[in-house]
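# Observations on the model geometry
Read off the chains here:
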Amino acid sequence: MIEAEWWDYDSAEEMAEAVAGDVGFIIESAVEARGEALLALAGGSTPGPIYRKLAEAKLPWKRVTIIPGDERLVPLQDKLSNARALAETFLKSGARVVPVTGDIADYRLAGNSADARLQDLKWPPDLVWLGMGGDGHTASIFPGPDYEDALNAPKARRMVGVMPDPLPPEAPMARVTLTRAAILSARTLMIVLTGEAKKQLLEGAIADGQSSRYPIGRVLAEAEQPIDIHWCP
Ligand code: 6PG
């Protein structure tokens, strides 16, 4: 049974304030308990204003490592790169941002390389922050030839390469993504989304669980931790 707690806000500004505060608390608690914090952060457009607010906070940033929870197979300087966006926002705060892709064209090999990079990090992440596409994907877990691999990879596997089919119009390319097991290994699991349509899709996907036609339903179906869902219209 998925244990989802919804936190609804009247505006994006109110949500940004609250979520930035929550992530700041996660960072401080992790550093106090273990001397460091590992955050796996979502790409896409929704988190941007929240990341910028979070980056301004007085936190032990030198102890914080940030990875993209998924990445498009584009050059690091490409505007579609999630690692580029995270580096632009958080490097100046003093955090370490770890890109997970290099210049490997074969997406499955890129997935192996990304997994190897993450194997070097102390695991599990203190936070996995997910977004959700209008098609119900999360991270870069999409329908396609690698869908079941991303969902059913062994617990030890942290990232895999995927070729979405159909390709999502906003970033029509192969990806690497945290596996379901890696996502669900998070000490704290958070979803941040906006709009009525996405809220209804997510509510349905949670209700359907493992039988959901949407990737996010399949991912969350096996969650053992409570899931904080932050939403505004
Ligand atoms: C990506 C993201 C992806 C994103 C959703 C929602 O690389 O595309 O990690 O999972 O969170 O597509 O994106 P928006 O916030 O732009 O709607």
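Going by the structure above, here's the rest.
The present account deals with the structure reproduced in this document. Source: prediction; values computed, not measured. (Residues numbered from 1 in each chain as written. Predicted model: local features only at pLDDT ≥ 70, side-chain atom pairs only at ≥ 80, totals over all residues. Heavy atoms only, no water.)

### Some points on the pairing of strand E3 (residues 64-68)
Note the threshold: With a 1.4 Å probe rolled over the protein chains alone, any residue whose accessible area is under 20% of its type maximum counts as buried; one over 50% counts as exposed, and the rest are partly exposed. By definition, any uninterrupted DSSP run of H or I lasting at least four residues is a helix, any uninterrupted run of E lasting at least two residues is a strand, and each is numbered from the N terminus. Strands are labelled as partners when DSSP assigns at least two bridges between them. A right-handed crossover is one whose linking path, passing over the helix from the first strand to the second, runs clockwise when the strands point away from the viewer.
Most of E3 sits out of view: five of its five residues are buried. The two faces of E3 match: Val 64, Ile 66 and Pro 68 on one face and Thr 65 and Ile 67 on the other face are all buried. In this sheet, E3 lies alongside strand E2 (residues 37-41) in parallel orientation, the contact comprising five bridges. Looking at E3, one finds that Leu 38 is bridged to Thr 65. Note that the unit made of E2, helix H2 (residues 48-55) and E3 has a crossover that is right-handed.

### Here's the deal with the packing of helix H1 (residues 12-34) against H2
Keep this limit in mind: Orientation is described by axes fitted as lines to C-alpha atoms, over the contacting stretch for helices, and by angles from 0 to 180 degrees between their N-to-C directions. Any angle that is under 35 degrees is reported as roughly parallel, and any over 145 degrees as roughly antiparallel; angles of 65 to 115 degrees are reported as roughly perpendicular and all others as oblique. Crossing handedness follows the turn of the near helix against the far one: under a right angle anticlockwise gives a left-handed crossing, and clockwise gives a right-handed one. The contact criterion used throughout is that any non-hydrogen atoms of two residues lie within 4.5 Å.
Interaxial distance between H1 and H2 falls to 9 Å at its minimum, and their mutual angle equals 50°. One way to sum up the angle between H1 and H2 is to call them oblique. As for how H1 packs across H2, the hand of that crossing is right-handed. Contacts from Glu 13, Met 15, Ala 16, Glu 17, Val 19, Ala 20, Val 23 and Gly 24 in H1 reach Ile 50, Lys 53 and Leu 54 in H2.

### A few points about the sheet that holds E3
Taken in spatial order, the seven strands line up as E1-E10-E9-E6-E2-E3-E5 in an open sheet, and their pairing is parallel. A single partner strand is all that each edge strand has here, and the edge strands are strand E1 (4-8) and strand E5 (96-97). In terms of strand pairing, E2 meets strand E6 (residues 127-130) through two bridges, oriented parallel. Within E6, the residue paired with Ala 40 across the bridge is Val 128.

### Remarks on the nonpolar core
Keep this limit in mind: Among buried residues, the Ala, Val, Leu, Ile, Met, Phe, Trp, Tyr and Cys ones that are joined through side-chain atoms within 4.5 Å form a nonpolar core.
One finds Ile 183, Ile 191, Leu 202 and Leu 220 to be the most contacted residues of the largest nonpolar core, which totals 41 residues. Per-element tally for this core: the top contributor is helix H7 (residues 196-208), with four residues. If we ignore the near neighbours within four places in the chain, the residues touching Leu 220 are Ile 2, Leu 189, Ile 191, Leu 202, Ile 206 and Ile 227. Of all hydrophobic cores here, the second largest spans 31 residues; its members include Ile 26, Ile 27, Leu 59 and Ala 95.

### What about the pattern of salt bridges?
Heads up, the rule is: By convention in these notes, a salt bridge is any Lys or Arg side-chain nitrogen within 4 Å of a carboxyl oxygen on Asp or Glu.
A full pass over the atoms with the stated rule returns 12 salt bridges. Among the salt bridges present, the one from Asp 146 reaches Arg 108, with a minimum N-O distance of 2.8 Å. Of this pair, Asp 146 sits in the loop between E6 and helix H5 (147-152) while Arg 108 is found in helix H4 (residues 107-119), placing the two residues 38 residues apart along the sequence. Of the charged contacts in the structure, one is a salt bridge between Arg 187 and Asp 126, with a shortest N-O distance of 3.0 Å. Placement of Arg 187 in the loop between helix H6 (180-184) and strand E9 (188-194) and of Asp 126 in the loop between H4 and E6 is noted, with a sequence separation of 61 residues between them. Taken together, the salt bridges that share partners define one network made up of Glu 13, Glu 17 and Lys 53.

### As for the site of the ligand
Heads up, the condition is: The nearness test applies per residue and asks whether one of its heavy atoms lies within 4 Å of the molecule or strand. Polar contacts, as counted here, are pairs of nitrogen or oxygen atoms within 3.5 Å of one another; within protein the pair requires one atom able to donate a hydrogen and one able to accept it, and residues that are adjacent in sequence qualify only if both atoms are side-chain atoms. In this analysis the probe radius is 1.4 Å and the grid spacing 1 Å, with only protein atoms considered; a cavity is a set of points the probe fits into but cannot get out of, a pocket is an open set with protein on both sides within 12 Å along at least five of seven lines, and lining residues have an atom within 4 Å of a point. Those molecules having more than half of their atoms within 2 Å of a cavity or pocket grid point set are described as sitting in that cavity or pocket. Under this grouping Gly is polar, as are all residues other than the nonpolar Ala, Val, Leu, Ile, Met, Phe, Trp, Tyr, Cys and Pro and the charged Asp, Glu, Lys and Arg.
Within the structure, the ligand sits among 15 residues, and Ser 45, Thr 46, Asp 70, Ala 139 and Lys 198 are positioned closest to it. One of the side-chain N or O atoms of Arg 72 is found 2.9 Å from an oxygen atom in the ligand. More than half of the atoms belonging to the ligand lie within 2 Å of the grid points that define the largest pocket. Taken together, the residues of the shell around the ligand break down into two nonpolar, nine polar and four charged.

### Details of H4
Helical geometry note: an α-helix holds 3.6 residues per turn, so side chains three or four residues apart project in the same direction. Note the following rule: Take the residue count of a helix, subtract one, and multiply by 1.5 Å to get its expected span. As used here, the arc is the angular range of directions from the helix axis to the C-beta atoms.
Between the first and last C-alpha of H4 there are 18 Å, a value that for 13 residues agrees with the 18 Å anticipated at 1.5 Å per step. Among the residues making up H4, those that are buried are Tyr 107, Ala 110, Gly 111, Ala 114, Asp 115 and Leu 118. Looking straight down H4, one finds that the buried residues subtend no more than 140° of arc, so they occupy a single side. Summarising the contacts, the buried residues of H4 are in contact with E3, strand E7 (159-162) and strand E8 (175-178). Its side-chain oxygen placed 2.9 Å from the backbone nitrogen of Arg 108, Asp 106 serves as the N-cap of H4.

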